[in-house]
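Descriptive structure summary
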Amino acid sequence: MTSVLAPPPEGSGLKAVPGVPGIPYVGNTLSVMRDPIGMARRRYEEYGPIAWGWLLGMRTCTVQGPEAAEAVLVNRDKAFANGPAWSYFIGPFFHRGIMLLDFEEHLHHRRIMQQAFTRPRLQAYMEAMAPGIVRGVEAWDARSGFKVYDHVKQLTLDLATDVFMGVELDRAEADRVNGAFIDAVRAGTAYVRFNVRGLRWNKGLRARRELEAFFYQHLPAKRRDGGDDLFAALCEAETDDGQRFTDEDVVNHMIFALMAAHDTTTITLTTMAYYLAKYPEWQERLRDETFALAERLGRPSLEYADLDALTGIDMVMKESLRMVPPVPALPRRVVKDTSILGYHIPAGTTVVVPMLSNHHMSQWWKDPDTFDPERFSPDRREDKVHKYAWSPFGGGAHKCIGMYFAGMQVKTILHQVLQRYRWGVPARYEWPLDTTSLPSPKDGLPVRLDRL
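The rules behind these values
- Residues numbered from 1 in each chain as written.
- Predicted model: local features only at pLDDT ≥ 70, side-chain atom pairs only at ≥ 80, totals over all residues.
- Heavy atoms only, no water.
- Helix = DSSP H or I, 4+ residues; strand = E, 2+ residues; numbered from the N terminus.
- Rg over C-alpha atoms; globule rule 2.2 N^0.38 Å.
- Buried < 20%, exposed > 50% of the residue type's maximum accessible area, 1.4 Å probe, protein only.
- Contact = heavy atoms within 4.5 Å.
- Areas by Shrake-Rupley, 256 points an atom, 1.4 Å probe, with all protein chains shown as cover.
- Lys, Arg positive; Asp, Glu negative; His and termini not counted.
- Charge placed at Lys NZ, Arg CZ, Asp CG, Glu CD.
- Polar contact = N/O pair within 3.5 Å; in protein donor to acceptor, adjacent residues only side chain to side chain.
- Patch = residues over 30% accessible without salt bridge, like charges linked within 9 Å, V, L, I, M, F, W, Y side chains within 5 Å.
- Salt bridge = Lys/Arg side-chain N within 4 Å of Asp/Glu carboxyl O.
- Pairing = 2+ DSSP bridges.
- Axes fitted to C-alpha atoms, helices over the stretch in contact; angles between N-to-C directions.
- Core = buried A, V, L, I, M, F, W, Y, C linked by side-chain atoms within 4.5 Å.
- Expected span 1.5 Å × (residues − 1).
- Parallel < 35°, antiparallel > 145°, perpendicular 65-115°, else oblique.
- Nonpolar A, V, L, I, M, F, W, Y, C, P; charged D, E, K, R; others polar.
- UniProt positions renumbered as here; feature names shortened; annotations may be inferred.

Moving on to the overall build of the chain. Of regular secondary structure, the chain possesses 15 helices and 14 strands. For the chain, whose C-alpha radius of gyration is 22 Å, the value lies close to the compact-globule estimate of 22 Å for 452 residues. Its C-alpha atoms give the chain principal-axis dimensions of about 70 × 55 × 45 Å. When each of the 452 residues of the chain is scored for burial, the buried share is 56%. The contacts of the chain with a sequence gap of at least 6 include a subset with a gap of at least 24, amounting to 71%. Accessible surface, the chain as shown: approximately 19,500 Å² in total, 53% of it carbon and sulfur. Side chains of the chain give 55 positive and 56 negative charges; the mean places of these two sets differ by 4 Å.

Below you can see the structure in the form of structure tokens.
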């Protein structure tokens with residue numbers, strides 16, 4: 001039965017947000033997790049761009065389309081806060097990460113953190129990553145049933161510990177740290193959000209304590225010795241007026257940054273691998289591009305200045321980010337009464353911008369469920385129909401600070417993979433995408449991997 005979120009103030013001219021809340025606290029949670037695009041389309045057809053319902057225990061207002069996304073993400077009247085919304089999901093595990101801060105405090109931390117993502121720093125990270133990428137990709141075992149997601153996740157976790165931490169770890173310790181990150185991420189969408197031993201929430205809390213202990217152990221040496229890694233960069237980062245991070249700040253940002261870096265890159269590379277297996281003509285096109293570039297450069301590895309030459313990889317990466325954005329939804333908490341597209345949104349509401357379904361709206365994209373990298377070619381640029389039609393990295397003040405690092409890592413890894421392997425899946429294979437947390441294939445994406 002249709003109901004409204006809250007009646008608008010009398011004489012405001014605003015509309016009430018419609019919706020079908022469903023069972024209190026539970027609502028449409030399971031349906032949204034299992035079929036987010038289908039649910040979004042049905043909701044849009046029935047209620048338009050803004051509707052409400054119960055989701056994961058919260059009264060949630062879903063805003064669809066780039067116009068609504070812009071209103072929330074640009075946040076001109078400072079009505080939408082990141083921290084209270086994200087804290088509900090990941091706050092206990094990624095406490096005071098950059099995404100969980102708001103307004104002046106967020107800008108203060110972002111100004112300092114930006115020093116860790118300058119062009120010279122990115123070049124240094126890329127040089128530091130190169131040997132690990134070659135070593136990791138070269139070690140893959142070409143065979144049938146090779147699980148792309150599992151191997152890429154291991155590679156990106158190893159790169160994160162090498163390049164971000166700059167700390168020498170043996171295999172057992174690296175696996176322990178990597179496992180803690182995995183447990184912390186999975187805890188964010190736990191159904192049982194209590195500290196019950198053995199369940200996701202409990203594992204996430206233990207993982208957070210383990211990660212804090214790890215970084216505090218190594219922090220004094222980083223403060224003293226420096227380096228070309230992110231850990232050292234955050235220790236050294238200083239604004240023109242001398243503002244720096246405290247030890248607690250460095251630890252909080254490191255835990256969050258490593259999670260964000262390896263998870264989003266893994267999802268993007270896995271999505272690209274899936275569509276390149278499904279569309280082998282695109283795989284061959286990218287392979288031709290990467291070999292031609294290697295021949296022109298006279299070397300198989302890339303430098304930072306070479307990345308712009310990978311135009312085909314760039315289009316495939318953007319289309320893969322459209323098809324499956326690694327962060328499928330962006331929540332915000334409304335901190336004061338406001339409006340979106342003429343609808344009254346009361347304080348205390350959780351607003352969600354559903355990037356996954358926004359990227360599949362036929363109102364903004366031609367054949368949105370079809371893999372078509374050419375839509376990002378210079379003569380088409382479908383993403384330019386609206387500034388927020390394609391926004392896998394968010395927007396506004398909270399736009400992903402590591403987006404250029406992510407693109408650099410994705411292109412560098414795929415450049416090496418294409419020079420060594422060809423991969424494919426059976427003609428009728430469709431990956432079982434799990435969208436109950438960050439999107440990932442339930443089967444790990446098994447492919448036939450052949451060495452060239």
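There's plenty left to go through after this.
The next subject is the side chain of N252. Along the chain, the position of N252 falls in helix 11 (residues 247–278). Note on N252: relative accessible area 3%, which makes it buried. Within the structure, the side chain of N252 is placed 2.7 Å from the side chain of R208, a separation counted as a polar contact. If we skip the residues at most four places from it in the chain, N252 touches H95, R96, G97 and R208.

A cluster of nonpolar side chains, namely V192, F194, V196 and L199, defines an oily patch on the protein surface of about 350 Å² accessible area. Along the chain, V196 falls in the loop between helix 8 (171–187) and helix 9 (200–225). By relative accessible area, which is 38% here, V196 ends up partly exposed.

Hydrogen bonds along the backbone pair up the strands of a sheet, which may run parallel or antiparallel. Here three strands make up an open sheet; going across it, the order is 6-14-11 and the pairing antiparallel. The sheet is open, and its two edges are formed by strand 6 (144–147) and strand 11 (421–424), each paired on a single side. Shown here is a sheet whose adjacent strand axes are inclined to one another by a mean of 55 degrees, direction ignored. Relative to strand 14 (residues 446–451), strand 6 runs antiparallel, the two being bridged by three bridges. The residue bridging K147 from the neighbouring strand is P446, located in strand 14. Together, strand 6 and strand 14 form the strand contacts of helix 7 (residues 148–165), whose direction differs from that of strand 6 by roughly 35 degrees.

This brings us to the nonpolar core. In this structure, F215, M254 and W423 are the most contacted members of the largest nonpolar core, which totals 130 residues. If you tally residues by element for this core, the top one is helix 11, at 17 residues. With near-sequence residues (within four places) excluded, W423 lies in contact with A273, L276, A277, Q283, R287, L414, V417, L418, V447, R448 and L449.

We now examine the pattern of salt bridges. Counting across every chain of the model gives 32 salt bridges. Of the charged contacts in the structure, one is a salt bridge between R143 and D141, with a shortest N-O distance of 3.5 Å. The class of R143 is partly exposed, set by a relative accessible area of 30%. Two residues, R171 and D158, come together in a salt bridge whose shortest N-O distance is 2.9 Å.

With that settled, consider helix 9. With 26 residues, helix 9 extends 37 Å between its outermost C-alpha atoms, agreeing within 8% with the 38 Å of an ideal straight helix rising 1.5 Å per residue. If you follow the buried residues of helix 9, they end up packed against helix 4 (82–90), helix 7, helix 8, helix 10 (230–236) and helix 11. Phi turns positive, to about 70 degrees, at G226, one or two residues after helix 9.

Across the interface, helix 11 lies against helix 12 (residues 280–297) with an axial gap of 5 Å and an inter-helix angle of 110 degrees. The angle between helix 11 and helix 12 places the two elements in the roughly perpendicular class. Across the interface between the two elements, L276, A277 and K278 from helix 11 touch P280, W282, Q283 and L286 from helix 12. Residue composition of the contact of helix 11 with helix 12, by class: five nonpolar, one polar and one charged.

Turning our eyes to something else, we now look at the pairing of strand 4 (residues 58–63). Counting buried positions along strand 4 yields five of six residues, so the element is predominantly enclosed. Where strand 3 (residues 50–55) meets strand 4, six bridges bridge the pair, whose relative direction is antiparallel. By the bridge assignment for strand 4, L55 is matched with M58. Taken together, the three bridges between strand 4 and strand 10 (residues 350–353) define a ladder with parallel strand orientation. Its bridge partner lying in strand 10, C61 is registered against V351.

Here the UniProt feature "binding site: heme" (unreviewed entry) sits at C400. Note on C400: relative accessible area 34%, which makes it partly exposed. Leaving out residues up to four positions away in the same chain, C400 has contacts with R110 and F393.

On to the pairing of strand 14, then. One ladder, built from four bridges, connects strand 11 with strand 14; its direction is antiparallel. Among the inter-strand pairings, G424 is bridged to a residue of strand 14, identified as R448.

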